[in-house]
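# Residue-level structure breakdown
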Amino acid sequence: MQTLVTDLLVTLAYGVVGVVLMGIGYVLVDVATPGRLNELIWTQRNRNAALLLASNLAGVGITVVAAIVASEDDFVLGIVGAASYGILGLVIMAAAFVLLDVATPGKLGEILVDPQPHPAVWVSSVIHLATGAIIAAAIS
């Protein structure tokens, strides 16, 4: 019984770290886009903003999963690794967003709020997913 309780508490801790990191990712995407994500996604049903946010959250999730798997049942290593690698992933995703914005025509933030689907959002979204995968590979 004690093992079950311990496992549940460990799972809860990892879940909290993952949700906090995804919350930070949400805020970063919200800052990068003109307007508020709540309004853009849930009220205006903006697909561009939704796609970018979803890819950011998936990228963070990929990183956190890899950190948990790499911890080899060492809770302290796992929780610190998940938090640290998650923050690193968010920093790299933000840097990649800025670099893509500088390297391409127009302002990526403005493209994200366009009600018409735009291919540049797919490119930016893949960068988020690739970043999560790259960090996951580096962890293992």
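Report follows, based on the coordinates. Just so it is clear, the structure is predicted and the values come from calculations on it, not from any experiment. (Residues numbered from 1 in each chain as written. Predicted model: local features only at pLDDT ≥ 70, side-chain atom pairs only at ≥ 80, totals over all residues. Heavy atoms only, no water.)

## Notes on the side chain of Ser 125
Note the threshold: Put simply, DSSP H or I for four residues or longer makes a helix, DSSP E for two residues or longer makes a strand, and each gets a number counted from the N terminus. Only protein chains enter the area calculation, which uses a 1.4 Å probe; residues under 20% of their type maximum are buried, those over 50% are exposed, and those in between are partly exposed. When checking whether two residues touch, look at their non-hydrogen atoms; a contact exists if any pair is within 4.5 Å.
Of note, Ser 125 is situated in helix α6 (residues 119–139). The buried category is assigned to Ser 125, whose relative accessible area is 3%. Among residues more than four places away in sequence, those in contact with Ser 125 are Leu 51, Leu 52 and Ser 55.

## Some words on the packing of helix α4 (residues 75–103) against α6
Heads up, the condition is: Inter-axis angles, ranging from 0 to 180 degrees, are taken between N-to-C directions of lines fitted to C-alpha atoms, where helices are fitted over the stretch in contact. The hand of a helix crossing depends on one turn: near helix anticlockwise from the far one by less than a right angle means left-handed, and clockwise means right-handed. Under the scheme applied, nonpolar residues are Ala, Val, Leu, Ile, Met, Phe, Trp, Tyr, Cys and Pro; charged residues are Asp, Glu, Lys and Arg; polar residues are all the others, including Gly.
The N-to-C vectors of α4 and α6 enclose an angle of 145 degrees; their axes lie 9 Å apart at closest approach. Taken as a pair, α4 and α6 cross one another with a handedness that is right-handed. Residues Tyr 85, Leu 88, Gly 89, Ile 92, Met 93, Ala 96, Phe 97 and Leu 100 of α4 pack against Val 123, Ser 124, Ile 127, His 128, Thr 131, Ile 135 and Ile 139 of α6. Here the residues of the contact of α4 with α6 sort into 11 nonpolar, four polar and no charged.

## Brief notes about helix α1 (residues 2–32)
Put simply, the rule reads: Here the expected length of a helix is defined as 1.5 Å per residue gap, with one fewer gap than residues.
Compared with the 45 Å implied by 1.5 Å per residue over 31 residues, the 45 Å span of α1 between its first and last C-alpha is a close match. Along α1, the residues that are buried comprise Tyr 14, Val 17, Gly 18, Leu 21, Gly 25, Val 29 and Asp 30. At its buried positions, α1 is contacted by α2 (37–43), α3 (47–70) and α4.

## A few points about the packing of aromatic side chains
Which entries qualify depends on this criterion: Stacked, tilted and edge-to-face pairs are distinguished by plane angle, under 30 degrees for stacked and over 60 for edge-to-face with tilted covering the rest, among Phe, Tyr and Trp rings (Trp via its six-membered ring) whose centres lie within 6.5 Å.
This structure, assessed with the given rule, holds one aromatic pair. Between Tyr 14 and Phe 75, the ring centres sit 5.9 Å apart and the planes meet at 70 degrees, which makes this aromatic pair edge-to-face. Taken together, the residues Tyr 14 in helix α1 and Phe 75 in helix α4 connect sequence positions 61 residues apart.

## What to know about the nonpolar core
Going by this rule: As used here, the term nonpolar core means buried Ala, Val, Leu, Ile, Met, Phe, Trp, Tyr and Cys residues forming a set that is joined through side-chain atoms within 4.5 Å.
Membership of the largest hydrophobic core comes to 14 residues, with the highest contact counts inside it found for Val 17, Leu 21, Val 60, Val 64, Ala 82 and Ile 139. Mapped by element, the contributors of at least two residues to this core are α1, α3, α4 and α6. Not counting chain neighbours up to four residues away, the residues in contact with Val 60 comprise Leu 21, Met 22, Leu 90 and Met 93. In terms of nonpolar packing, the next biggest core, distinct from the first, is built from 13 residues, Val 29, Leu 40, Phe 97 and Leu 108 among them.

## A short note on α3
What counts, and what does not: Here a polar contact is taken to be a pair of N or O atoms separated by no more than 3.5 Å, where protein atoms must pair a possible hydrogen donor with a possible acceptor and residues adjacent in sequence count only if both atoms sit in side chains.
For α3, spanning 24 residues, the distance from its first C-alpha to its last is 34 Å, which sits close to the expected 34 Å at 1.5 Å a residue. Residues of α3 that are buried include every one of Asn 48, Ala 49, Leu 52, Leu 53, Ser 55, Asn 56, Gly 59, Val 60, Thr 63, Val 64, Ala 66 and Ala 67, and no others. If you follow the buried residues of α3, they end up packed against α1, α2, α4, α5 (108–113) and α6. Put simply, Asn 46 is the residue that caps the front of α3, since its side-chain oxygen is 2.9 Å from the backbone nitrogen of Asn 48. Glu 72 sits one or two positions beyond α3 and adopts a positive phi of about 50 degrees.

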